[in-house]
Amino acid sequence: MKAKVYVNLKSGVLDPQGKAIQHSVELLGFSGISDVRQGKYFEIALDGSLDQQRALESVEKMAREVLSNPIIEDYRVEIEA
Amino acid sequence: MKFGVIVFPGSNCDHDAYHVISKHVGLPVDFVWHRETDLSTYDAVILPGGFSYGDYLRAGALARFSPVMNSVKKFAESGRFVLGICNGFQILCEAGLLPGALIRNRDLHFICEHIHVRVETSDSPYTNELTTGTVLRIPIAHAEGNYICDDNTLAELQREDRIVFRYCEPDGAVTDTANPNGSRVNIAGICSRERNVLGLMPHPERACEDLLGSSDGRDIFSSLAATVAAAV
């Protein structure tokens, strides 16, 4: 079983890295972009000792307390069997 | 009366802080390894600058789980003094001892230069020997010093007079051009509600000797030393 955690800056929080990436890809000729936001992605391998619901709760707690800073970031957790 | 300088893996301004306390303030000081949990012999602790845990995940995010941080929280709750400089400020925000967060500088650069900050309040243990409005010339050295917080937190900081330093022009004018990193309302340092915890991005410990280009940081340490002496 694997957990996937996506952490992104909250909307409204300035993302200068996203802006720089947007600028660069536009310079390279990619068009039609209105915004780029850079986030973080974690893959957490689970040893199977927790059932899916418990695993979700545990990883949600991890995402809330460690992987994200709730002042500036949102997170989303997916559990993959 | 004794100071402690907390050393995390990756701290690199710990010796500067130690030097200032021992040589300029003239008080006993120990290095405190982050695995220690007993702070009972100290009256003030400094969380120094650096790159604790390599800034992995977020600046300051992993240091907050170091064993010493539970003790630092209790230490702060007991009314003793906690000074977080640069990475130390980031750790204090991540640990919830100060509100808000420090994100990437708006221009993405690591900025290492002398800047000016204005003392916004002399009502703190760290500025009580200074006059409100005094301009200090102190270096910054950071990539994540852009202070942000929500509107309610900002209003609370303003209402409670907890914004201690703001980036300014040499003449003290607080302008956007004097804001090196995009911090909200030019915030460079804030204190806790009880005023005993201060976090700031500039490095006053690097500005305590004329040879280093400025000695304006000394007043911050002498204010603290006098406050600690009065409290002990």
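Going along each chain's sequence as written, the residues are numbered from 1 onward. As they are written, the chains are lettered A onward and the ligands numbered 1 onward, keeping that order. A pLDDT threshold of at least 70 governs which residues receive local features in this predicted model, and a stricter bar of 80 or more applies before side-chain atom pairs are shown or counted, although totals over entire chains, interfaces and linings include all residues.

Turning to the overall build of chain B, a few remarks are in order. Counting from the N terminus, the helices are DSSP H or I runs at least four residues long and the strands are E runs at least two residues long. A count of helical and extended segments in chain B gives five helices and eleven strands. Throughout, radius of gyration means the C-alpha value; the globule benchmark is 2.2 Å times the number of residues raised to the power 0.38. Taking 232 residues into account, the globule formula puts the C-alpha radius of gyration at 17 Å, and chain B, at 16 Å, falls close to it. Structurally, chain B occupies a C-alpha span of about 45 × 35 × 35 Å along its principal axes. Two residues form a contact once the distance between their C-beta atoms, set from the backbone, is within 7 Å. Within chain B, contacts between residues at least 6 apart in sequence are counted, and of these 76% link residues at least 24 apart.

This next bit is on the sheet that holds strand E1 (residues 2-9) of chain A. Residue and element names in this part refer to chain A. When DSSP finds two or more bridges between a pair of strands, those strands are recorded as paired. Here we have three strands laid out as an open sheet, ordered E2-E1-E3, and antiparallel in their pairing. The strands lining the two open edges of the sheet, one partner per strand, are strand E2 (39-45) and strand E3 (73-80). Within this sheet the neighbouring strands show an average axis-to-axis angle of 15°, counted without direction. In this sheet, E3 lies alongside E1 in antiparallel orientation, the contact comprising eight bridges. The residue bridging Ala3 from the neighbouring strand is Ile79, located in E3. Axis lines are fitted through C-alpha atoms, for helices just across the contact stretch, and the angle between N-to-C directions can take any value from 0 to 180 degrees.

Next up on the list: the interface of chain A and chain B. At the interface, eight residues of chain A touch twelve residues of chain B. Only Asp, Glu, Lys and Arg are considered charged, only Ala, Val, Leu, Ile, Met, Phe, Trp, Tyr, Cys and Pro nonpolar, and every remaining residue, Gly among them, polar. Looking at the side of chain A that touches chain B, its residues break down into six nonpolar, two polar and no charged.

Turning our eyes to something else, we now look at the sheet that holds strand E9 (residues 163-168) of chain B. Residue and element names in this part refer to chain B. Strand order across the open sheet formed by nine strands is E2-E1-E3-E4-E11-E10-E9-E6-E7, with mixed pairing between neighbours. The open sheet is flanked by strand E2 (29-33) and strand E7 (135-142), the only strands paired with a single partner. Averaged over all neighbouring strand pairs, the angle between strand axes comes to 25°, with direction disregarded. In terms of strand pairing, strand E1 (residues 3-7) meets E2 through five bridges, oriented parallel. Residue pairing in the sheet places Phe3 in a bridge with Val29 of E2. Along the sheet, helix H2 (residues 67-77) makes contact with E1, E2, strand E3 (44-47), strand E4 (81-85) and strand E11 (197-200), crossing E4 at roughly 125°.

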